[in-house]
Amino acid sequence: MRIYNLNSLSAEEIQNLTKRPGMNLEKIFPIVREIQKNVQENGDNAVRMYTMKFDGVQIKNLKVTENEFREAEKNISPQVKKAIRVAMENIEKFHTSQISKEKPIETMPGIMCFRENRAIEKIGLYIPGGTAPLFSTVLMLGIPAKIAECKNVILCTPPNHEGKIAPEILFSAKECGIFEVYKVGGAQAIGAMAYGTETIPKVDKIFGPGNQFVTAAKMLISIDPNGAAIDMPAGPSEVLVITDGTANPSFIASDLLSQAEHGEDSQVVFVTTDSELIPKIQKEIDIQLKILPRKSIAKKSLKKSFGILLRNMEQAFEFSNLYAPEHLIVNVRNPEKYISKIQNAGSVFLGEYAPESAGDYASGTNHTLPTSGFARSYSGISVESFLKKITFQSLTKQGLENIAETVITMSEAERLQAHANAVQIRRE
């Protein structure tokens, strides 16, 4: 990892450090547009063609069968099933607490205004499969969709070279009540769910993380009136760790590597006020990296990652807010006192015993989070992500009278006379 001293960098150099590797959308968008156009025009045939091209497997039946669900459950150990169910319980507890009902408000005598939740009816979930089948993401998306009471939920995930879906993904889907699962990944899966094919139904909103091509595909379909809404631009995973002299270097190294192993285009960053900690962290990274099964992936990620030495915690949180990390670990003495300084982050982990892995799997919070700096303006997934809110208003005759002059005056000032007439005709 490269190491920088923040105080020797210009403002431009600091800004450049916040740019993520691998997200060259100008190059990616034309490729993804062509894929989506083909899927729109040729449906299942295009999906199968791209599955063969990118995943190296010919898929005849895109939809997972009941028999495949049964086989998947047989191929999972009792320990993994138990772990999935414990995680589900915690995720459900936390997300159920997010449901709230608003009280009607009387803005003026005779005028009542209120909002009600309605579930988005047709939901599409995208689950990365490639080098790491992320069955935990099924829980993170399927559980809040279930709590929100979405009527139709489908799931797309890429098949392996044998044309199969990881059994853990299918078991997790079944536990969440999702039985419509399709063997398709990448930008073609996003296009299929956005526009519909002969087999894969069109949805209203698409959720789930993915690589830069999946992220680009989601961004494109979200601005197409014929496409679908999306949760957020959730791309390659990332973590930023803030440390001081009290931090255990082996803990920091493990947190950095846990994200680096996600993918070659992931990025991990640490910032510290203690110069003596830097070589210790680097040494621990080398030691722990040697025994990782995915060390070749982690190594490539580390080449795009860095550490920063800075003067104080004030600078640390200023840089963190500028970077706007997907995951932020605050491994310092008394981390709670810095909560108010955190402005931009997807999910925050406080203290030395709060590894990012806990939130990835089972603490209860959601791990589908904004990346690439989008934490400046996006939240992570919650139950509300699967809901829309409809406003209502009810006016009595007296209520309309109380607001009539205001409405008439404003509508006439905007030269919209029919608006004024709609009030005046009722008064007369």
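Position numbers for residues start from 1 in each chain and track the written sequence from start to end. Under the rules for a predicted model, residues below a pLDDT of 70 receive no local features and side-chain atom pairs below 80 are neither given nor counted, while totals for whole chains, interfaces and linings still include all residues. Only heavy atoms go into the side-chain values, all of them from the structure, while hydrogens and water stay out.

Engineer: What is the right way to look at the packing of aromatic side chains in this model?
Structural biologist: The geometry of an aromatic ring pair is captured by two quantities: the separation of the ring centres and the angle between the planes. Only centres within 6.5 Å qualify two rings of Phe, Tyr or Trp (six-membered ring in Trp) as a pair; their planes then separate them into stacked at under 30 degrees, edge-to-face at over 60, and tilted for everything else. Counting across every chain of the model gives 10 aromatic pairs. When the ring of Tyr 4 is compared with that of Phe 306, the centres are 5.9 Å apart and the planes differ by 80°; the resulting orientation is edge-to-face. Here Tyr 4 is found in strand S1 (residues 2–5), whereas its partner Phe 306 is found in strand S11 (residues 306–309), with 302 residues between them in sequence. Ring pairs connect the aromatic residues Tyr 4, Phe 306, Phe 319 and Tyr 323, which therefore count as one cluster. For Arg 20, the ring lying beneath its charged end belongs to Tyr 323, and the centroid distance is 3.6 Å. The helix count covers DSSP runs of H or I at least four residues long, the strand count covers runs of E at least two residues long, and both are numbered beginning at the N terminus. Distance and angle both matter: a charge sits over a ring if NZ of Lys or CZ of Arg is within 6 Å of the ring centre and within 35 degrees of the ring normal.

Engineer: How should a nonpolar patch on the surface be read in this particular structure?
Structural biologist: To count toward a patch, a residue needs a relative accessible area above 30% and no salt bridge. Like charges then connect within 9 Å, nonpolar side chains (Val, Leu, Ile, Met, Phe, Trp, Tyr) within 5 Å. Residue burial considers only the protein chains on display, and all accessible areas are found by Shrake-Rupley using a 1.4 Å probe. We count a salt bridge whenever a side-chain nitrogen from Lys or Arg sits within 4 Å of a carboxyl oxygen from Asp or Glu. A contiguous nonpolar patch, built from Ile 339, Val 348 and Leu 350 and spanning about 210 Å² of accessible area, is present on the exposed surface. Inspection of the secondary structure puts Leu 350 in strand S13 (residues 347–350). Relative accessibility under 20% of the residue-type maximum defines a buried residue, over 50% an exposed one, and the middle range a partly exposed one, all with a 1.4 Å probe and only protein chains included. Classification of Leu 350 by relative accessible area gives partly exposed; the value is 31%.

Engineer: Honestly, the nonpolar core in this entry has me stumped. Any pointers?
Structural biologist: The tendency in soluble globular proteins is for nonpolar side chains to be buried side by side. Take the buried residues of types Ala, Val, Leu, Ile, Met, Phe, Trp, Tyr and Cys, join any two whose side-chain atoms come within 4.5 Å, and each joined set is a nonpolar core. Counting 39 residues, the largest nonpolar core has Ile 123, Leu 125, Leu 139, Leu 155, Ile 178, Val 181 and Phe 386 as its most contacted members. For this core, the element with the highest residue contribution is helix H5 (residues 135–148), accounting for eight residues. Any two residues whose heavy atoms approach within 4.5 Å are treated as being in contact. If sequence neighbours within four positions are ignored, Phe 386 has contacts with Arg 118, Ala 119, Ile 120, Ile 123, Leu 125, Leu 141, Pro 144, Ala 145, Ala 148, Cys 150, Phe 207 and Ile 381. Within the second largest apolar cluster, 34 residues are counted, among which are Phe 29, Ile 154, Ile 190 and Val 214.

Engineer: Before we go on, may I ask you to explain the packing of helix H7 (residues 186–195) against helix H8 (residues 212–222) in this structure?
Structural biologist: The relative placement of two packed helices is expressed as an angle between their axes plus a distance between the axes. Helix axes are fitted to C-alpha atoms over the stretch in contact, other axes to C-alpha atoms as well, and angles between N-to-C directions run from 0 to 180 degrees. The interhelical angle for the contact between H7 and H8, taken along N-to-C directions, is 25°, at an axis separation of 8 Å. With respect to H8, the element H7 is oriented roughly parallel. Considering only the axes of H7 and H8, their crossing is right-handed. Here H7 contributes Gly 186, Ala 187, Ile 190, Ala 194 and Tyr 195 to the contact with H8, which in turn contributes Phe 213, Val 214, Ala 217, Lys 218 and Ile 221. Tallied by class, residues from the contact of H7 with H8 come to eight nonpolar, one polar and one charged. For classification, angles of less than 35 degrees are called roughly parallel, those exceeding 145 degrees roughly antiparallel, those between 65 and 115 degrees roughly perpendicular, and all remaining angles oblique. Should the near helix be turned counterclockwise from the far one by less than a right angle, the crossing is left-handed, whereas a clockwise turn marks it as right-handed. Under the grouping applied here, Gly and all other residues not named as nonpolar or charged are polar, the nonpolar ones being Ala, Val, Leu, Ile, Met, Phe, Trp, Tyr, Cys and Pro and the charged ones Asp, Glu, Lys and Arg.

Engineer: Honestly, the environment of Ile 14 in this entry has me stumped. Any pointers?
Structural biologist: Residue position: Ile 14 is located in helix H1 (residues 11–17). With 308 residues separating them in the primary sequence, Ile 14 and Leu 322 have C-alpha atoms 9.1 Å apart. Residue contacts for Ile 14: discarding those within four places in its chain leaves Leu 6, Leu 9, Phe 319 and Leu 322.

Engineer: I would appreciate a short explanation of the environment of Leu 322 in the present structure.
Structural biologist: Mapped onto the elements, Leu 322 comes out in helix H12 (residues 313–323). A relative accessible area of 29% means that Leu 322 is categorised as partly exposed. Sequence separation between Leu 322 and Val 383 is 61 residues; the distance between their C-alpha atoms is 28 Å. Here Leu 322 is in contact with Ile 14, Gln 15, Thr 18 and Arg 376, once residues within four sequence places are set aside.

Engineer: Explanation requested: H5 in the structure shown.
Structural biologist: Turn by turn, an α-helix covers 3.6 residues, leaving residues three or four places apart pointing in a common direction. Working rule for helices: expected span equals 1.5 Å times residues minus one. Taking 1.5 Å of rise per residue, 14 residues should cover 20 Å, and H5 covers 20 Å from first to last C-alpha, within 8% of that figure. With respect to burial, H5 is a largely interior element, 12 of its 14 residues being buried. For H5, the complete set of buried residues consists of Ser 136, Thr 137, Val 138, Leu 139, Met 140, Leu 141, Gly 142, Ile 143, Pro 144, Ala 145, Ile 147 and Ala 148.

Engineer: Please clarify how empty space enclosed by the protein should be interpreted in this entry.
Structural biologist: It is a probe the size of a water molecule, rolled over the atoms, that shows where empty space is left. The way it works is a 1 Å grid over only the protein atoms, where trapped points that fit a 1.4 Å probe form a cavity and open points with protein on both sides within 12 Å along at least five of seven lines form a pocket, and then any residue with an atom within 4 Å of a point lines it. Grid points are joined across faces, edges and corners, and a volume is the space filled by probe spheres set on the points. Across all of its chains, the model carries one cavity of 30 Å³ or more by this definition. Lining the largest cavity are 10 residues, and of these Arg 20, Pro 21, Pro 236, Glu 238 and Asp 265 lie nearest its centre.

Engineer: Explain the sheet that holds strand S2 (residues 105–108) to me, please; I cannot follow it from the model alone.
Structural biologist: What links the strands of a sheet is backbone hydrogen bonding, and the strands pair in either a parallel or an antiparallel sense. Think of it this way: DSSP has to see at least two bridges between two strands before they count as a pair. The sheet built from three strands is open, its strands ordered S2-S3-S14 with antiparallel pairing. Two strands bound the open sheet, and with one partner strand each, they are S2 and strand S14 (387–395). Strand-to-strand twist of the sheet, defined as the mean angle between neighbouring strand axes without regard to direction, takes the value 30°. Sheet analysis places strand S3 (residues 111–119) next to S14, joined by nine bridges and oriented antiparallel. Residue pairing for S14: Ile 111 is matched across the bridge by Leu 395.

Engineer: Sorry, what's going on with H8 here?
Structural biologist: When you tally the buried positions in H8, you get nine out of 11 residues, the bulk of the element. Buried within H8 we find Gln 212, Val 214, Thr 215, Ala 216, Ala 217, Lys 218, Met 219, Leu 220 and Ile 221. Where H8 is buried, its residues contact helix H2 (25–55), strand S4 (122–126), H7, strand S7 (205–207) and strand S8 (229–230). Under the rule applied, a polar contact is a pair of N or O atoms within 3.5 Å (in protein, one hydrogen donor and one hydrogen acceptor; residues adjacent in sequence only if both atoms are side-chain atoms). A side-chain oxygen of the first residue of H8 lies 3.0 Å from the backbone nitrogen of Phe 213; this N-cap is Asn 211.

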